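Here are the chains, one letter per residue:
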Amino acid sequence: MEGKLVWDLPVRLFHWLIVLLVGASWLTAEFEWMTLHFYSGYALATLLLFRLAWGLAGPRYARFGSFVAGPRRVWSYLRDWLRGEAREPAGHTPPGGWMILLLLGLLAVQVGSGLLNSHDGLDAGPWYWAAPADLRELAHEVHETGFDLLLVFAALHVIAVLLYLWRPGVNLVAAMFSGRKQTGEPAIAGSRLPLAALLLAVAAGAVWLLVSMAPAPSLADLGIY
Ligand code: HEM
Ligand code: HEM
């Protein structure tokens, strides 16, 4: 495979796993397989925490600091792109960086509202029983609307990736699989897999704690007294 290594293996696995898990979350909600739906959500929560840490400690192009740009750079990139003169970065583009933060934020909102959501008051997210009624109601609304927003922005994200095939004529999807791109910027040295494994384990532990620390429903919650 030609080109320089830009996307480390953890970033690539993270991406295709979240795409799979969003699909699984939708499918399991649709068929009311709530236990599976919760596990898919916990897996997503783990990946999101991992990506947060990787955005601080991962290789160059995975870092938030390398792709979160101010409004001036976003604007000048868009203007140059329209003229066909944009200088293409090895990592995410300035507007692309904001889209990524938005998608990660929407996924976090799905997980957060899911923890307080309930299917018919029985199959409940772990923190449902600790929440007052109005917060439960809000979480329900947010979970429903948040998913629609996620679909809209994911579709825009895919459209942007497809537009890139036309201008500047680069296949970003292939790069998200191989990790490699033709670029004048330096390649990353490697994927830092031991660090990634450690951060993933810490993220999984944090999600396990978050779920297992939730209070059990009282007998009154279950309608027994
Ligand atoms: C639920 C659907 C999706 C979500 C939530 C999503 C989210 C994301 C996120 C968070 C990133 C940043 C990766 C990182 O730096 O860690 C990203 C990048 C990317 N995604 Fe997706 N994605 C989705 C679907 C897709 C699909 C279906 C495709 C393929 C057609 C795709 C192609 C890409 C590509 C090519 C990049 C790299 C963009 C670049 O080079 O700057 N995504 N996506
Ligand atoms: C910890 C994670 C999560 C928990 C505990 C959770 C919990 C729930 C519950 C209890 C319902 C049923 C609501 C009802 O029947 O009225 C539900 C529905 C749904 N969830 Fe989740 N969820 C989680 C994560 C996610 C994620 C990550 C997504 C998508 C990316 C998602 C998408 C949906 C959708 C589309 C529905 C059906 C619409 C609705 O009623 O809200 N969920 N979820």
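Anyway, here's the lowdown on the structure attached to this text. (Residues numbered from 1 in each chain as written. Chains lettered and ligands numbered in written order. Predicted model: local features only at pLDDT ≥ 70, side-chain atom pairs only at ≥ 80, totals over all residues. Heavy atoms only, no water.)

1. What to know about the coordination of the iron atom of ligand 2
Tetrahedral coordination by four donors places them ideally at 109.5 degrees to one another around the metal; octahedral coordination by six donors ideally gives 90 or 180 degrees. Every protein donor of the iron atom of ligand 2 is listed here as His37 (NE2) and His143 (NE2), and their distances to the metal cover 2.0 Å. Relative to the metal, the six donor atoms surrounding the iron atom of ligand 2 lie at angles of 87 to 179 degrees, and the coordination shape comes out octahedral. On the criterion of sequence distance, the pair formed by His37 in helix H2 (residues 34-57) and His143 in helix H6 (residues 133-166) is long-range, its members being 106 residues apart. The burial state of His37 is the same as that of His143; both residues are buried. (Donors = N, O, S within 2.8 Å, 3.2 Å for Na, K, Ca; no water. Tetrahedral: all angles 85-135°; square planar, octahedral: opposite > 155°, others 65-115°. Helix = DSSP H or I, 4+ residues; strand = E, 2+ residues; numbered from the N terminus. Buried < 20%, exposed > 50% of the residue type's maximum accessible area, 1.4 Å probe, protein only.)

2. Thoughts on the packing of aromatic side chains
Using the criterion set out here, one finds seven aromatic pairs in the structure. Their ring planes at 10 degrees and their centres at 4.5 Å tell us that Trp16 and Phe177 sit as a pair that is stacked. Linking Trp16 in helix H1 (residues 9-30) with Phe177 in helix H7 (residues 172-178), this pair joins segments that are 161 residues apart in sequence. A residue is classified by how much of its surface remains accessible, and Trp16, at 26% relative accessible area, is partly exposed. On the numbers, 5.9 Å between centres and 85 degrees between planes, the contact of Tyr39 with Tyr42 is edge-to-face. Taken together, the residues Tyr39 and Tyr42, both in helix H2 and three residues apart, mark about one turn of the helix. Residue placement shows Arg136 over the ring face of Tyr128; its charged tip is 4.1 Å from the ring centre. (Phe/Tyr/Trp six-rings, centres within 6.5 Å; stacked < 30°, edge-to-face > 60°. Lys NZ or Arg CZ within 6 Å of the ring centre and 35° of its normal.)

3. Topic: the coordination of the iron atom of ligand 1
Within the protein, His15 (NE2) and His157 (NE2) serve as the donor atoms for the iron atom of ligand 1, at 2.0 Å. Every donor counted, the six donor atoms about the iron atom of ligand 1 form angles of 87 to 179 degrees at the centre, which fits octahedral coordination. Placement of the pair is His15 in helix H1 and His157 in helix H6, with a sequence separation of 142 residues. You can call His15 buried: its relative accessible area is 17%.

4. Focus on a nonpolar patch on the surface
Residues Leu9, Leu13, Leu17, Leu20 and Leu193 make up a contiguous nonpolar surface patch of roughly 440 Å² in combined accessible area. Residue contributions to the nonpolar patch peak at four residues, all from H1. By the element assignment, Leu13 lies in helix H1. (Patch = residues over 30% accessible without salt bridge, like charges linked within 9 Å, V, L, I, M, F, W, Y side chains within 5 Å. Areas by Shrake-Rupley, 256 points an atom, 1.4 Å probe, with all protein chains shown as cover. Salt bridge = Lys/Arg side-chain N within 4 Å of Asp/Glu carboxyl O.)

5. Focus: the site of ligand 2
Neighbouring ligand 2 are 21 residues; His37, Gly114, His119, His140 and His143 lie closest to it. Side-chain polar atom of His119 to an oxygen atom of ligand 2: 2.4 Å apart, as the coordinates give it. At 2.7 Å, a side-chain N or O of His143 approaches a nitrogen atom of ligand 2. For the shell around ligand 2, the element with the highest residue contribution is H2, accounting for six residues. Tallied by class, the residues present in the shell around ligand 2 amount to eight nonpolar, eleven polar and two charged. (Near = heavy atom within 4 Å. Polar contact = N/O pair within 3.5 Å; in protein donor to acceptor, adjacent residues only side chain to side chain. Nonpolar A, V, L, I, M, F, W, Y, C, P; charged D, E, K, R; others polar.)

6. Quick notes on the packing of H2 against helix H5 (residues 94-115)
Contact geometry of H2 with H5 gives a least axis separation of 10 Å together with a crossing angle of 135 degrees. With respect to each other, H2 and H5 are oriented oblique. As for how H2 packs across H5, the hand of that crossing is left-handed. Contacts from Gly41, Tyr42, Leu44, Ala45, Leu48 and Arg51 in H2 reach Leu104, Leu107, Ala108, Val111 and Leu115 in H5. Considering only residue class, the contact of H2 with H5 consists of nine nonpolar, one polar and one charged. (Axes fitted to C-alpha atoms, helices over the stretch in contact; angles between N-to-C directions. Parallel < 35°, antiparallel > 145°, perpendicular 65-115°, else oblique. Left-handed = near helix turned anticlockwise from the far one by under 90°. Contact = heavy atoms within 4.5 Å.)

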